[in-house]
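# Close look at the chain arrangement
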Amino acid sequence: MKITNAKYIKEPKEDKIACISCKIDGLQYAVPLDKDNTHYVEIKRQIDAGELTIEEAD
Amino acid sequence: MPLSKITAASISDNSVTTAKVADDAITGAKIENNPTIAGNLTVSGSFAPSKNTSNKNMLINGGMRISQRNGTSAVTVSAAAGVYTLDRWQLYTNSGNYSVQQITDTTLPSGFLNAAKITVSSVGNTSGSGNAVHFEQKIEANNISHLNWGGGNAGTARTCTLSFFVKSSVTGTYSVHLGNDNDRFYIATYTIDSANTWEKKSITLAGPSDGTWNTGTGRGLEIVWVLLQGSGGTTSSLNQWISTSQTFASTSTTQWGTNAGATFYLTGCQFEISSVATPFEHESYTNDLAKCQRYFVMDKAGTAYKRYLQGVCTTATWTECLYYYPVTMRAQPSLGSSGTNGHYLIEVNSGASASPSEAPSRSSHSDTTNCIVNLRVSGSTLTTGANCQITSYNTTSGYLSYDAEL
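The sections below set out a description of the structure shown in this document. (Residues numbered from 1 in each chain as written. Chains lettered and ligands numbered in written order. Predicted model: local features only at pLDDT ≥ 70, side-chain atom pairs only at ≥ 80, totals over all residues. Heavy atoms only, no water.)

## Side note on the side chain of B:Thr119
You can see B:Thr119 is positioned in strand β5 (residues 115-122). Classification of B:Thr119 by relative accessible area gives buried; the value is 18%. (Helix = DSSP H or I, 4+ residues; strand = E, 2+ residues; numbered from the N terminus. Buried < 20%, exposed > 50% of the residue type's maximum accessible area, 1.4 Å probe, protein only.)

Spelled out as C-alpha cells, the structure:
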C-alpha cells in the first residue's frame, strides 16, 4: 500500500484522536485506530519501519 | 436350482417386490459407495448429511456477481499494489499492469451471468525472484473454523475441494495456492487444455492436522490463482502441506502475465467440505451482497443531490451524521470518500448550505455496526443543534465507502 498525506484528526468536541486521514493507493480514507483494520495495521507497520510519519492533528 | 446358480438374469423383471424383501434386509453395506439414482429420491425420515448442503461455499462472490466498487468498468492495477476489484477479490502485482473487469457474455458456463476478466495491460516478467501476479480471496477465520484444520478442535481435519470455471488465452499448467499466511501452504496445479474455452477444474485436498490457524475475524485462509511467479516463490513440493512461507506456485507454472494482451477469466469459484466438486451453490443476490457487505459497503452518488446522511450540527463548524451498515462489519471500517470536497454539500434545516473544508472523517465512537461521519466547514457558518444532511451536491462523482477488507 502506498500511503501519503497521513494526518491525525481529532474529535470535534474532545481532545482525542478520532482517526487518521490519508490517501491509500491514491484514494482518500479516514482510518480508525483499530488493530483489526487492515489499513491501520499497514500504517502501523510502515511507521514502525520508518517509512511513514503522521502529521499531528490541528 | 442351487442358489449359486441364480443370477440377475434368472429373476424376471418386477418379480422381486417390496413385500418379498424382509424389513431392513438390505443393509447399507450392500449398497455401493457412490450410487447414482436415476429417478427421484424421497426421504421420509430426517436427512442427515455429513457436510453442509447449503452455505457450503466458503468463498464469497464466487459467481462474480457483486462489483460495488467499479461496476462493469475495468480497473487497472499497477505494479506494487494489491487492489480489491470485484467484491472480495483482490489482484496483487509487483510486475506489470493488469486490468480487472466484471463481464457478462453469452459464452459463460451454464447458470452464470458474470465472470472476472483479467487482461495483461503491460507485461510482467520473472527476472525478480519475488515477482508475482496473484488473483486471490482471503477468507475470514470465522468462516473456516469448522474445518478442524490445525488439530485444535476435536475431530479430524476435513477434506475440502476447490472448484472453478476458467478460460484463458494461454494454455498450460497453472498453480493455485492455499495457505494461512503463516506456516501452512498447499500448492496444486491444474491444466488449461484449450485456449479461450471455458473449462471446469477441481482440486481436492486433505486438511492439515497441524499449523497455526487463526480463529475470529482475522485472516483464515488465502486462496490464490497464480498468474505469474518468480523463482523465489516456486516449489516442486506439490499437493501436500508445506511450511515454506512465500511459496505460491509450481516450478513449472505457466507465466501468464508475461504474454502481452493475454486474458484470463474466472467464475463459479467454490471451496467446500467435500471429496468431490459438487455443483456451484447459486445463492440469492441478497445473500451474495450481504456477505460482501461485511467487508465493504459502497454508497455512490448515482444521482445529483443524493442524500447520503442526516445528522446534526454539533458546533458552528462541525456536523455529525450516523450511518448504520447493512450488516455487522468484520472490523471497524475505513471511511472512503472521493477526495474532492466539492462532491459533498452540507444542508441545514434553516435552508443554508455549506461546502466541507476537508474530507469526511469518522469518529472514534463508531464501531462495527455504525459509523459516525464528521464533516467540517470553514468559518463558523453552522447553527449548533440544527439538523443537517450531507448530499452529493450537483454531481454523480462522489461516494462514501466503508472498507473492512482482510
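Now that the structure has been shown, the text picks up again.
## So, a nonpolar patch on the surface
On the surface, a cluster of nonpolar side chains totalling about 390 Å² of accessible area is made up of B:Leu3, B:Ile6, B:Ile11 and B:Val16. Structurally, B:Ile6 can be placed in the segment before β1 (75-77). (Patch = residues over 30% accessible without salt bridge, like charges linked within 9 Å, V, L, I, M, F, W, Y side chains within 5 Å. Areas by Shrake-Rupley, 256 points an atom, 1.4 Å probe, with all protein chains shown as cover. Salt bridge = Lys/Arg side-chain N within 4 Å of Asp/Glu carboxyl O.)

## Concerning the sheet that holds strand β3 (residues 27-31) of chain A
Reading across from one edge, β1(A)-β2(A)-β3(A)-β19(B)-β25(B)-β16(B) is the order of the six strands in this open sheet, with antiparallel pairing throughout. Two strands lie at the open edges of the sheet, namely β1 (3-10) of chain A together with β16 (296-300) of chain B, each paired on one side alone. Geometrically, the sheet is characterised by an average inter-axis angle of 20° between neighbouring strands, direction not taken into account. For strand β2 (residues 17-24) of chain A and β3(A), the ladder comprises five bridges, and the chain directions are antiparallel. Each bridged residue has a counterpart across the sheet, and for A:Ile24 the counterpart in β3(A) is A:Leu27. (Pairing = 2+ DSSP bridges. Axes fitted to C-alpha atoms, helices over the stretch in contact; angles between N-to-C directions.)

## Notes on the interface of chain B and chain A
Taken together, the contact between chain B and chain A spans 28 residues of the former and 22 residues of the latter. Both faces combined, the contact of chain B with chain A buries some 1900 Å², and carbon together with sulfur accounts for 47% of it. It is B:Ser334, B:Arg362 and B:Ser364 in chain B that bury the most area against chain A; as a group they hold 22% of the surface buried on that side. Inspection of the region where chain B meets chain A yields one salt bridge. (Contact = heavy atoms within 4.5 Å. Buried area = accessible area lost by both parts, 1.4 Å probe.)

## Notes on the nonpolar core
Formed by 47 residues in total, the largest nonpolar core has its most connected members in B:Phe135, B:Trp225, B:Phe264 and B:Phe271. By size, the runner-up hydrophobic cluster in this structure holds 29 residues, among which are B:Tyr323, B:Leu335, B:Ile346 and B:Val377. (Core = buried A, V, L, I, M, F, W, Y, C linked by side-chain atoms within 4.5 Å.)

## Considering the pairing of β5(B)
All names here are of chain B. Here seven bridges tie strand β4 (residues 97-103) to β5, and the two strands are oriented antiparallel to one another. Looking across to β5, one finds that Gln101 is bridged to Lys117. Two strands pair when backbone bridges link them, and β5 and strand β15 (residues 263-273) are joined in this way by four bridges, in the antiparallel orientation. Looking at the pairing, Thr119 lines up with Thr263 of β15.

## Remarks on the packing of aromatic side chains
Each pair of aromatic rings is reported with the distance of its centres and the angle of its planes. Residue and element names in this part refer to chain B. Applying the stated criterion to the full structure yields 21 aromatic pairs over all chains. The interplanar angle of 75° and the centroid separation of 5.2 Å between the aromatic rings of Trp149 and Trp213 together place this pair among those described as edge-to-face. With a gap of 64 residues between them, Trp149 in the loop between β6 (132-140) and β7 (160-168) and Trp213 in the loop between β10 (199-205) and β11 (219-229) connect regions that are remote in the sequence. Residue Trp149 is classed as buried on the basis of its relative accessible area, which comes to 8%. Ring geometry for Tyr174 against Tyr190: centres 5.7 Å apart, planes inclined by 20°, an arrangement best described as stacked. (Phe/Tyr/Trp six-rings, centres within 6.5 Å; stacked < 30°, edge-to-face > 60°.)

## Re the sheet that holds β4(B)
All names here are of chain B. Spatial ordering of the open sheet is given by β1-β4-β5-β15-β7-β10, a layout of six strands whose pairing is antiparallel. Edge strands, defined here as strands with exactly one partner in the open sheet, are β1 and β10. Each neighbouring strand pair of the sheet contributes to a mean axis angle of 25°, computed without reference to strand direction. Bridging between β7 and β10 involves seven bridges; their strand directions are antiparallel. Each bridged residue has a counterpart across the sheet, and for Leu162 the counterpart in β10 is Ile203.

## What to know about unusual backbone geometry
Excluding glycine, most residues fall at negative phi; most peptide bonds, likewise, are trans. Backbone geometry at A:Asp25 places phi at a positive 50°, although glycine is not the residue there. Residue placement: A:Asp25 occurs in the loop between β2 and β3. According to the relative accessible area criterion, A:Asp25 is partly exposed, its value standing at 32%. Non-glycine residue B:Asn239 carries a positive phi angle of around 55°.

## Examining the pairing of β2(A)
All names here are of chain A. Across the eight residues that make up β2, a large majority, six, are buried. Both β1 and β2 contribute to a ladder of six bridges, which runs antiparallel. The partner of Tyr8 across the bridge, within β2, is Ile20. Once β2 ends, the chain turns through two residues before running back antiparallel as β3, passing Asp25 with a positive phi of about 50°.

Keep in mind these values describe shape, not function.
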